Amino acid sequence: MLATCTTLRLAAPRSAARFHACSFVQAKETVESLTSRVDLRGKRVLVRADLNVPLAKDGSLTITDDTRIRGCLPTVQHLQNAGAKVVLCSHFGKPKGEVDPALSLAPVSARLSELLGQEVPLAADCVGADADAAVAALQDGQVVLLENTRFHKGETKNEPGFVAELAKHGDVFVNDAFGAVHRAHASTAGVAAHMEHSVAGFLVEKELKFLSGAVDEPARPMAAVIGGAKVSTKLPVVESLMAKCDKLVIGGGMIFTFYLAMGHSVGDSLVELEQVEIARRVIDMAAETGTELLLPTDVVVADAFAADAASKVVGIDAIPDGMIGLDIGPDSIAAIEAMLQDCQTVVWNGPMGVFEFEQFAKGTMAVAECMGALTPKGVTTIVGGGDSVAAVQKAGLGSQMSHISTGGGASLELLEGKVLPGIDCLDEQ
Ligand code: ADP
Ligand code: MG
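Residues numbered from 1 in each chain as written. Chains lettered and ligands numbered in written order. Predicted model: local features only at pLDDT ≥ 70, side-chain atom pairs only at ≥ 80, totals over all residues. Heavy atoms only, no water.

With that out of the way, let us pick up the overall build of the protein chain. When helices and strands are counted, the protein chain shows 15 helices and 16 strands. The C-alpha atoms of the protein chain give 23 Å as radius of gyration, which agrees with the globular expectation for 429 residues (22 Å, within 12%). Counting only C-alpha atoms, the protein chain reaches 70 × 50 × 40 Å along its principal axes. Counting only residues that meet the buried cut, the protein chain has 56% of its 429 residues in that class. For the protein chain, long-range pairs separated by at least 24 residues make up 75% of all intrachain contacts whose partners lie at least 6 apart in sequence. When the accessible surface of the protein chain is split by element, carbon and sulfur atoms take 53% of a total near 16900 Å². Across the protein chain, the centroid of the 35 positively charged side chains sits 3 Å from that of the 53 negatively charged ones. (Helix = DSSP H or I, 4+ residues; strand = E, 2+ residues; numbered from the N terminus. Rg over C-alpha atoms; globule rule 2.2 N^0.38 Å. Buried < 20%, exposed > 50% of the residue type's maximum accessible area, 1.4 Å probe, protein only. Contact = heavy atoms within 4.5 Å. Areas by Shrake-Rupley, 256 points an atom, 1.4 Å probe, with all protein chains shown as cover. Lys, Arg positive; Asp, Glu negative; His and termini not counted. Charge placed at Lys NZ, Arg CZ, Asp CG, Glu CD.)

What follows is the structure, given as structure tokens:
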């Protein structure tokens, strides 16, 4: 069956590339430039970090990956050395505006204390009397962590009353939560208007430097590889990426919505019916914009969503009823590898299959290895997205990529050329 599959490529001659310059990115003041011209001794600096670390699934509150905590250390330590009083805040999980003890930042304050080699107390709330007292008790160079900002509904709603309460803790705002800069929330954007200065932290600066390079003047051809399971979040992104990229590879759980748009049956595979129209539009746009679009032509289907499911490779016109597509097939892997060979920039977000199960990890690992091999040839390789990054790390290829982004959604929106509220609110340089 797979021998009959050929790579489906929908291409037309490429017209002049269309870009939105992302110069707003470079124009923002950074924590480094601020400390070089303003004395921060005695100032309270509210630092929004992304401390949303993964916890073990056994309820033990063990942090399984502390990368995000480590990520904020350069900014925190720089501010400590400048004599500032550092007030850290972050969201943690999705408590939906209510206090949920399972989503307390307590494990984070413990780990942060270890990493900084000094006690980082946790204020019982991010606003109100406890927070006010904890901040008032700070000496120059000390750090306090405020409890989960999403324990309040005003956080995600960017509600003015909550914004004002939170902003009271700082004279200066530093946004270092790259993973959340695409959100217009109270702690990521709202508080900036209340501050003497609002600047980008080191992590945000580093991400912007790297990613804006890929947006403004990418080395071409440029390919985007988009997969994963969040179809409704990512399909609109695919649509805007069409204008930016020379080549676009679709993989993972996204593909079945495309197959429906093409009139194939998809068995019990992941689909989002309300996205079929967008998928159809993406296929049409490929021809209009001259973007080479690669949709897998073969898939690995399984009789259950399980590590030990019985599986086989089928062409996309032969997905049996009742079976679930869990990875891209070998023809498609070969086609992707061939397509990426002449690229000078490759941006990847979203695994090609359910890589958590070994027998469905081949497509994801092949993309990781292919990109890892392109980097030493001078190709700019960028990976974003929690699960994609986890897959790359699992393959031991993290150091083989030009850049591993800490923000999946944020990096994609930046590449799309969207204005990021958490950056837009910062001071101009
Ligand atoms: P990222 O975190 O990199 O942005 P997503 O969160 O969108 O990526 O998606 C990651 C998830 O997608 C993984 O847990 C993976 O198991 C899942 N996935 C990939 N391919 C499929 C598929 N064919 N069917 C269902 N889930 C899939
Ligand atoms: Mg994910």
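As a further point, take the nonpolar core. Nonpolar side chains in soluble globular proteins tend to be buried together. By size, the foremost hydrophobic cluster in this structure holds 97 residues, and its most contacted members are Leu46, Leu146, Leu235, Ile250, Val299, Leu340 and Trp348. A total of 7 residues in this core trace back to one element, the largest contributor, which is helix α10 (residues 276-289). Of the domains in this structure, domain 1 (31-200) and domain 2 (210-416) are the two that each give at least three residues to this core. With near-sequence residues (within four places) excluded, Trp348 lies in contact with Val225, Thr364, Val367, Ala368, Met371, Ile382, Val383, Gly384 and Val392. (Core = buried A, V, L, I, M, F, W, Y, C linked by side-chain atoms within 4.5 Å. Domains from an automatic or database assignment.)

Okay, the site of ligand 1 next. Taken together, 19 residues surround ligand 1, and among them Ala229, Lys234, Glu356, Asp387 and Ser388 come closest. Asp387 places a side-chain nitrogen or oxygen 2.8 Å from an oxygen atom of ligand 1. Compared with its free state, where it exposes 580 Å², ligand 1 has 90% of that area covered by protein. Listing elements by their share of the shell around ligand 1, those giving two or more residues are β13 (324-328) and α13 (386-394). Counting residues per element, the shell around ligand 1 draws most heavily on α13, which supplies 3 residues. (Near = heavy atom within 4 Å. Polar contact = N/O pair within 3.5 Å; in protein donor to acceptor, adjacent residues only side chain to side chain.)

Pairing is antiparallel in the open sheet, where 3 strands are placed in the order β12-β11-β13. Here the strands that pair on one side only, and so sit at the sheet edges, are β12 (311-315) and β13. The average undirected angle you get between the axes of adjacent strands in this sheet is 40°. Relative to β13, strand β11 (residues 298-302) runs antiparallel, the two being bridged by 4 bridges. Residue pairing across strands places Ala302 opposite Ile324, the latter belonging to β13. (Pairing = 2+ DSSP bridges. Axes fitted to C-alpha atoms, helices over the stretch in contact; angles between N-to-C directions.)

Shape descriptors only; they carry no functional weight alone.
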